[in-house]
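Each chain, written out:
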Amino acid sequence: MLPLYDSDALRAVYALAEELFGLSGAVLMENAGHGAALILERLFPGMDGVCLCCGGGNNGGDGLVLARHLAVRGFSIAAVHTTPEDRCSPLTLTNLRALRALGVPCFPSESLDDDALDTLLKNHPMAVDALLGTGSQGPPRGEVARVMEALGRFSGPILSLDVPSGVNASDGTVPSFCVRATHTVTFLAPKVGLFVSPGAAACGSVHVVPIGVPVKALLSPHSGVYCGVFSDFSLPSRTWHQHKGSFGTVLVVGGSLSYPGAPVLAARAVLRSGGGGVVLATPEAGDHRGVPLPEAVHCPLPGGEATEDHWSLVAPWFDRVDTVLVGPGLGRTPGSGALARRLWSEAPVPLVADADALFALAESSPPPPAGVPRLVTPHEGEASRLLACSVEAVRSRRLAAVRSLAARWAGVLLKGAWSLASDGRDVVSCSTAAPILAIPGSGDVLAGVVATLIAQGVPLLRAASLGSLWHAQSGALWASGGKDRGMRASELADALPGAGAAWTPPPGGLSLAEGEKWSHGHVP
């Protein structure tokens, strides 16, 4: 998996580059701007006009170097700078004066009203955002904020340098608002904020540009956050002498009169993701209303809802299954909550808690058996209940949220665009954002996939990450051919085998050494 870095690590690199190799900030800025020019030319062949919006810090200096390289290549260039010269960093001021000496129009943003700023941008087919870089903290202010608002009105492509302005490079938070880039050219190494929502949603495709320093020698330690992509993982291998018992058996406990289909969808995903067997422990009264799954073994629970009284029916299966999945369609009655909490605290096998089981754990979460893996799989609403905070607090600070969840529950998969998985030590950003997965039952399918991987012996963090990516790959496979809506969760589950067979890395990939293109892996 690809390690991601925060602002502190990057600042240390620039200091070490000068201390160990005698490379000044001016050299590194020149390398950054030149590398960005090469990427821009590759991405936009035939592009002949660019308006660059530059701040007074070194990010603005990178933009001014980029402007100079484009100008000498014959581009029609205009630059807007937001900071008076006496407040610019020395390197930025040097490059601003060099650009003016070339005859490139350089406009102080204060000299342009909103209409003039919009007109200047519209007179160029694309724009570059070099306003705020990795050291930026807090909401944008003053002229920087005004120029960012103008970029928000601009209809052409935008290329951001290092990070889209307004995005915190260390955690992906957006304190106020941000530039929404078509592409982000980031220097030296990928930053955490480019792969954690909400910031990740503003980055477009990400491209890493080397700046002439030995990355591996200087970038240590990293943040403990990784980017997980399809090419990082492989499905558990199989050999000719294995039998169905070798591929993991999952006990699914869930279902109610109102939601009889949810556990069936989870069980379907268990089988479609290669599980050797699945046991459905569901209320008898709801069985006839669910989608039939003849391959499943049934453990009928008398009545219309699961309760703690059913423990005696569920517990004997622990010796015959490898993982328990509790929660899909379980309901939120006192009885179902008591059963979920008892399973959490007493089941002697790995357990995945999803959906209504999370509601029960939010009310009370007894400690699980020592050394027995546990994973919670909340979406943002469920996470807010587990953390006793607002949904917006989770949505706006997802990295902090997943770490808080992991501190209490050890294993977490925080679902959503750019899902985050954590085992309490490391965090993996699952680099997918797929609106087509936002359908009823999608979470039940995901929980079934993750439970199957755990049942097959895949470690918790890897199972959560791989399951999330496989789930998204399955949606992408169904959507191939131009479909962008209308998928059912059962179809999502049924696409899992094909998605697993087609498990290939995306074109190009990301290379720290060569700066190849990397896309976040969006699917329709």
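One can find the structure itself at the top, above this paragraph.
Residues numbered from 1 in each chain as written. Predicted model: local features only at pLDDT ≥ 70, side-chain atom pairs only at ≥ 80, totals over all residues. Heavy atoms only, no water.

(A) Structural view of the overall build of the protein. In terms of helices and strands, the protein carries 19 helices and 19 strands. Here the C-alpha atoms of the protein give a radius of gyration of 26 Å, agreeing with the 24 Å that 2.2 N^0.38 yields for 524 residues. In terms of its C-alpha atoms, the protein occupies a principal-axis envelope of roughly 85 × 45 × 45 Å. Per-residue burial for the protein yields a buried fraction of 59% across its 524 residues. By sequence separation, contacts in the protein at least 24 residues apart represent 72% of the contacts at least 6 residues apart. (Helix = DSSP H or I, 4+ residues; strand = E, 2+ residues; numbered from the N terminus. Rg over C-alpha atoms; globule rule 2.2 N^0.38 Å. Buried < 20%, exposed > 50% of the residue type's maximum accessible area, 1.4 Å probe, protein only. Contact = heavy atoms within 4.5 Å.)

(B) Summary view of the pattern of salt bridges. Under the counting rule described, the total for this entry stands at 21 salt bridges. Across the pair R341 and E363 runs a salt bridge whose closest N-O atoms are separated by 3.4 Å. Within this pair, whereas R341 is found in helix α11 (residues 334–346), its partner E363 is found in helix α12 (residues 356–363), the two being separated by 22 residues in sequence. The exposure class assigned to R341 is buried, which follows from its relative accessible area of 18%. Residue class for E363 comes out exposed when judged on its relative accessible area of 55%. Residue R395 is joined to E392 by a salt bridge in which the shortest nitrogen-to-oxygen separation is 3.5 Å. Note that R395 and E392 are positioned in helix α14 (residues 391–396) at a spacing of three residues, about one turn of the helix. On the basis of relative accessibility, which here comes to 47%, the residue E392 falls in the partly exposed class. Here the salt bridges share partners, and the residues they tie into one network are E380, E392, R395 and R398. (Salt bridge = Lys/Arg side-chain N within 4 Å of Asp/Glu carboxyl O.)

(C) View of the pairing of strand β3 (residues 76–81). β3 sits mainly inside the fold: five of its six residues count as buried. Relative to β3, strand β2 (residues 49–54) runs parallel, the two being bridged by six bridges. Paired with C51 across the two strands is A78, which belongs to β3. Running through helix α3 (residues 58–72), the crossover from β2 to the neighbouring parallel element β3 is right-handed. Pairing analysis gives three bridges linking β3 to strand β4 (residues 106–108), with the strands arranged parallel. Looking at the pairing, V80 lines up with F107 of β4. (Pairing = 2+ DSSP bridges. Right-handed = clockwise from strand over helix to strand, strands pointing away.)

(D) Structural detail: unusual backbone geometry. Following S197, the chain continues to P198 via a peptide bond in cis, the omega torsion being 10°. Checked against the element boundaries, P198 lands in the loop between β7 (183–187) and β8 (205–209). Its identity as a non-glycine residue notwithstanding, A388 has a phi of 55°, on the positive side. In this structure, A410 takes a positive phi of about 75° despite not being glycine. On the secondary structure map, A410 appears in the loop between α15 (398–409) and β16 (412–414).

(E) Here's a closer look at the packing of aromatic side chains. As enumerated under the stated definition, the model contains one aromatic pair in all. Their ring planes at 65° and their centres at 5.5 Å tell us that W311 and F318 sit as a pair that is edge-to-face. Relative accessible area serves as the criterion here: at 8%, F318 is assigned to the buried category. Here R374 stacks its cationic end above the ring of W344, 5.9 Å away from the centre of that ring. Directly above the aromatic system of W478 lies the positively charged group of K483, at a separation of 4.2 Å from the ring centroid. (Phe/Tyr/Trp six-rings, centres within 6.5 Å; stacked < 30°, edge-to-face > 60°. Lys NZ or Arg CZ within 6 Å of the ring centre and 35° of its normal.)

(F) Here's a closer look at the environment of P140. For P140, the position within the fold is in the loop between β5 (126–130) and α6 (142–153). Residues P140 and M1, spaced 139 residues apart in sequence, show a C-alpha to C-alpha distance of 33 Å.

(G) Focus on the nonpolar core. Counting residues in hydrophobic clusters, the biggest one holds 54 residues, and the most contacted among them are L251, V253, V326, L343 and A353. Per element, the largest residue contribution to this core is six residues, and it comes from α15. Among all residues touching L251, those that are not within four sequence positions of it are V279, A281, V314, W317, F318, V321, T323, V324 and L325. Grouped together as the second largest cluster of nonpolar side chains are 51 residues, Y226, L375, L460 and W470 included. (Core = buried A, V, L, I, M, F, W, Y, C linked by side-chain atoms within 4.5 Å.)

(H) Structural context of helix α13 (residues 380–387). Here α13 lies mainly inside the structure; six of its eight residues are buried. Inspection of α13 places E380, G381, E382, A383, S384 and L386 among the buried residues, and these make up the whole buried set.

(I) Local environment of the packing of helix α16 (residues 442–455) against helix α17 (residues 460–479). At a closest axis distance of 8 Å, the pairing of α16 and α17 adopts a crossing angle of 140°. The orientation of α16 relative to α17 falls into the category oblique. Crossing angle aside, the handedness with which α16 passes α17 is right-handed. Of the residues in α17, those touching α16 at S442, V445, L446, V449, V450, L453 and I454 are L460, A463, A464, L466, G467, S468, W470 and H471. When its residues are assigned to classes, the contact of α16 with α17 shows 11 nonpolar, four polar and no charged. (Axes fitted to C-alpha atoms, helices over the stretch in contact; angles between N-to-C directions. Parallel < 35°, antiparallel > 145°, perpendicular 65-115°, else oblique. Left-handed = near helix turned anticlockwise from the far one by under 90°. Nonpolar A, V, L, I, M, F, W, Y, C, P; charged D, E, K, R; others polar.)

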